[in-house]
Amino acid sequence: MNNKQSVALFDKAQHTIPGGVNSPVRAFKSVGGTPLFIKSAKGAYIIDEDDNEYVELINSWGPMILGHAHPVITSAVQEAVNNSLSFGAPTSKEIDIAELICDMVPSIEKVRMVNSGTEATMSAVRVARGYTGRNKMIKIEGCYHGHGDSFLIAAGSGAVTMGVPNSPGVTEGTAKDTLLAPYNDIEKIQQLVKENKNEIAALIIEPVPGNMGLVLPKDNYLQQLRDICTEEGIVLIFDEVMTGFRLAKGGAQEVFGVTPDMTTLGKIIGGGMPVGAYGGKKEIMDFVAPAGPVYQAGTLSGNPVAMAAGMNMLLHLNENPDVYTELAAKGEKLAKGIQSVLDKHNLPYKVTLLGSMICIFFTDQEVNNFADAQTTDTEKFGKFFHQMLANGVYLPPSQYESWFLSNALTEANLDHIIEAVDKSLEAIK
Ligand code: PMP
């Protein structure tokens with residue numbers, strides 16, 4: 001594989017951009033080597049500056065659920081830009097998208113648009129604190145909720161990939177208000193609640209964590225969390241930045257039939273444009289300024305071009321539920337194919353699948369939480385990652401990430417990926 005252009009660009013980028021990238025996981029730090037500098041992408045394929053073409057399982061970390069440069073999204077953006085890029089004043093499109101979100105995710109009665117998943121989670125927790133008059137928050141180890149200070153404690157995704165799950169720069173004062181529990185451990189939650197009676201404002205969780213690899217809830221865990229939060233007056237926040245509009249049009253909360261008080265959204269909601277949102281019960285959301293006293297704002301929030309992209313994405317998903325059936329079938333085929341390859345190579349690695357999210361854990365242990373995820377052989381994963389690239393498949397460059405399928409993947413693409421897994425595992429034996 002020729003990657004001369006990417007090598008030169010990465011070298012050049014080091015001079016003016018910290019680590020050469022604008023978001024850490026992109027740097028290939030945990031898998032080694034040079035990140036690919038991307039020129040363009042279309043459908044299921046991404047093309048780098050050296051004109052190598054890959055079948056793609058990152059999909060911008062989730063947003064490109066329909067594949068790249070889908071006409072439903074690009075046409076909306078092209079039309080919107082002609083009317084100027086930003087007004088900093090309300091538009092009718094913002095009402096349309098708010099109504100559609102409330103319709104697709106019924107637990108959301110009111111919603112505020114922001115510009116990223118990070119803004120959504122930071123704001124949601126602030127509102128929960130304002131609403132309850134309490135300070136503390138429970139966070140689940142290995143979940144990633146963006147880079148807000150109070151979330152960078154036992155954080156997954158890039159934070160764990162870079163070896164800084166607890167980031168310097170987060171004060172002790174902030175950290176002490178974040179209480180930690182392992183995923184799938186209801187007893188630890190009960191203990192924290194008992195020890196911090198009437199002090200916990202919120203419990204924030206990725207209902208299906210995709211930032212420590214992909215981990216699934218067990219034994220009615222989500223409903224048990226719901227029950228505890230209801231009893232204790234704790235605001236239950238589902239961070240569905242990844243899972244929202246991906247696992248189902250109503251997200252993980254629809255799949256598992258558990259209703260949070262608040263939901264944070266991002267990624268798919270912007271169709272690839274920088275968008276996030278948080279919403280929930282009316283009585284909580286009415287605490288947000290200017291309706292209520294909790295301040296939160298944004299110069300570019302509800303940006304007309306971003307809203308046009310997001311609106312068309314959500315409309316398309318709402319009107320074409322077969323997208324989810326097709327994606328689930330593709331996920332199923334891929335997981336089955338990978339499992340049979342693992343069996344053939346006599347490897348005990350674990351495959352986790354839900355809908356269009358999938359991951360292989362390079363461990364022989366069942367993975368039910370962050371500690372289990374950390375038993376993986378990350379060095380082996382790094383080698384596997386580079387073999388997959390050599391075989392034309394672009395995976396997330398970290399063991400602690402989910403792979404995201406797009407509906408642009410064809411049967412032939414899936415066969416190609418399964419064959420690439422086979423060849424790659426053979427090569428790293
Ligand atoms: N929450 C979750 C569950 C995420 O996966 C992410 C990003 N991967 C975020 C929040 C932060 O979103 P953003 O990167 O847009 O700030």
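Here the structure is a predicted model, which is why all the values come from computation and not from measurement. Note that residues are indexed from 1 along each chain, following the sequence as it is written. In keeping with the predicted nature of the model, local features appear solely for residues at pLDDT of at least 70, side-chain atom pairs appear and are counted solely at 80 or more, and the whole-chain, interface and lining totals rest on all residues.

Enquirer: Give me the lowdown on the overall build of the protein, citing residues and values where you can.
Expert: Starting at the N terminus, helices and strands are each numbered in turn, a helix being any DSSP run of H or I of at least four residues and a strand any DSSP run of E of at least two. Looking only at helices and strands, the protein features 15 helices and 14 strands. Our radius of gyration is a C-alpha quantity, and the globule rule it is checked against amounts to 2.2 Å times the number of residues to the power 0.38. Since a compact globule built from 429 residues should have a radius of gyration of about 22 Å, the 21 Å found for the protein is in line with a globular shape. Counting all 429 residues of the protein, 51% fall into the buried class. Of all intrachain contacts in the protein linking residues separated by at least 6 positions in sequence, the fraction that spans at least 24 positions is 75%. As a rule, residues whose C-beta atom has 12 or fewer other C-beta atoms within 10 Å are exposed, those with 20 or more are buried, and those in between are partly exposed; C-beta atoms are placed from the backbone. Once C-beta atoms are placed from the backbone, any two residues with those atoms within 7 Å are in contact.

Enquirer: Explain the sheet that holds strand E10 (residues 276–280) to me, and be specific about the residues and the numbers.
Expert: In this scheme, strands are said to pair when DSSP sees at least two bridges between them. In space, the seven strands of this open sheet follow the order E4-E10-E9-E8-E7-E5-E6, with mixed pairing throughout. At either margin of the open sheet sits one strand with a lone partner, and together these are strand E4 (110–114) and strand E6 (178–181). For this sheet, the mean angle separating the axes of adjacent strands, direction not counted, is 20°. The sheet contact formed by strand E7 (residues 200–205) and strand E8 (residues 235–239) spans four bridges and is parallel. Every angle, taken between N-to-C directions, lies between 0 and 180 degrees, and every axis is a line fitted to C-alpha atoms, over only the stretch in contact when it is a helix.

Enquirer: Lay out the domain arrangement of the protein with the relevant residues and their values.
Expert: Each assigned domain of the protein is listed here: domain 1 (4–69 + 321–427) and domain 2 (71–319). In this assembly, 35 residues from domain 1 lie in contact with 36 residues from domain 2. Looking at the side of domain 1 that touches domain 2, the elements that each hand over two or more residues are helix H12 (322–344), strand E11 (350–354), strand E12 (357–361) and helix H13 (370–373). Each residue receives one of three labels: charged for Asp, Glu, Lys and Arg, nonpolar for Ala, Val, Leu, Ile, Met, Phe, Trp, Tyr, Cys and Pro, and polar for the others, Gly being one of them. When its residues are assigned to classes, the side of domain 1 that touches domain 2 shows 21 nonpolar, 12 polar and two charged. Where each domain begins and ends is defined by an automated method or by a domain database.

Enquirer: If you had to explain the site of the ligand to someone new, which residues and values would you point to?
Expert: Nearness between a residue and a molecule or strand is assessed with a C-beta atom placed from the backbone; a distance within 6 Å qualifies. Not every one of the 16 residues close to the ligand is listed here, only the nearest: Ser116, Gly117, Thr118, Gly146 and Val241. With three residues, the top contributor of residues to the shell around the ligand is helix H4 (residues 117–132). Taken together, the residues of the shell around the ligand sort by class into four nonpolar, 10 polar and two charged.

Enquirer: I'd like to hear about the pairing of E6, residue by residue, with values.
Expert: A one-sided burial pattern is seen for E6, the buried positions being Leu179 and Ala181 and the unburied ones Thr178 and Leu180. One ladder, built from four bridges, connects strand E5 (residues 136–140) with E6; its direction is parallel. Counted as the bridge partner of Ile140 is Ala181 from E6.

Enquirer: Tell me what's going on with the environment of Gly33, and back it up with residues and numbers.
Expert: As for its position among the elements, Gly33 is in the loop between helix H1 (4–13) and strand E1 (38–42). Residues Gly33 and Gly382, 349 residues apart in the sequence, show an inter-C-alpha distance of 9.6 Å. In this structure Gly33 touches Phe28 and His386, once residues within four positions along its chain are discounted.

Enquirer: Let's hear about the UniProt feature "modified residue: N6-(pyridoxal phosphate)lysine" (unreviewed entry) in the protein: which residues, and what values?
Expert: UniProt positions are given in the numbering used here, feature names are shortened, and annotations may be inferred rather than shown by experiment. Per the UniProt record, "modified residue: N6-(pyridoxal phosphate)lysine" (unreviewed entry) is annotated on Lys267. Along the polypeptide, Lys267 turns up in the loop between strand E9 (262–265) and E10. Among all residues touching Lys267, those that are not within four sequence positions of it are Trp61, Gly62, Pro63, Gly117, Val241 and Met242.

Enquirer: Residue-level account of the nonpolar core, with values.
Expert: Counting residues in hydrophobic clusters, the biggest one holds 131 residues, and the most contacted among them are Ala128, Ala202, Leu203, Val235, Ile237, Ala277 and Val393. Looking at this core, the element that brings in the most residues is helix H11 (residues 304–319), giving nine residues. Both domains that meet at this core, namely domain 1 (4–69 + 321–427) and domain 2 (71–319), each give it at least three residues. When near neighbours in sequence (up to four residues on either side) are disregarded, Ala128 contacts Ala201, Ala202, Val235, Ile237 and Met262. To form a nonpolar core, buried Ala, Val, Leu, Ile, Met, Phe, Trp, Tyr and Cys residues must be joined through C-beta atoms within 7 Å.

Enquirer: Just give me the short version of the sheet that holds E12, but keep the residues and values in it.
Expert: On the basis of which strands lie adjacent, the open sheet formed by three strands has the order E11-E12-E14 and antiparallel pairing. Of all the strands in the sheet, the pair left with one neighbour each is E11 and strand E14 (403–404). Note: E12 against E14, two bridges, orientation antiparallel. Looking across to E14, one finds that Met357 is bridged to Phe404. The strands touched by H12 within the sheet are E11 and E12, with E11 carrying the most contacts at an inclination of about 175°.

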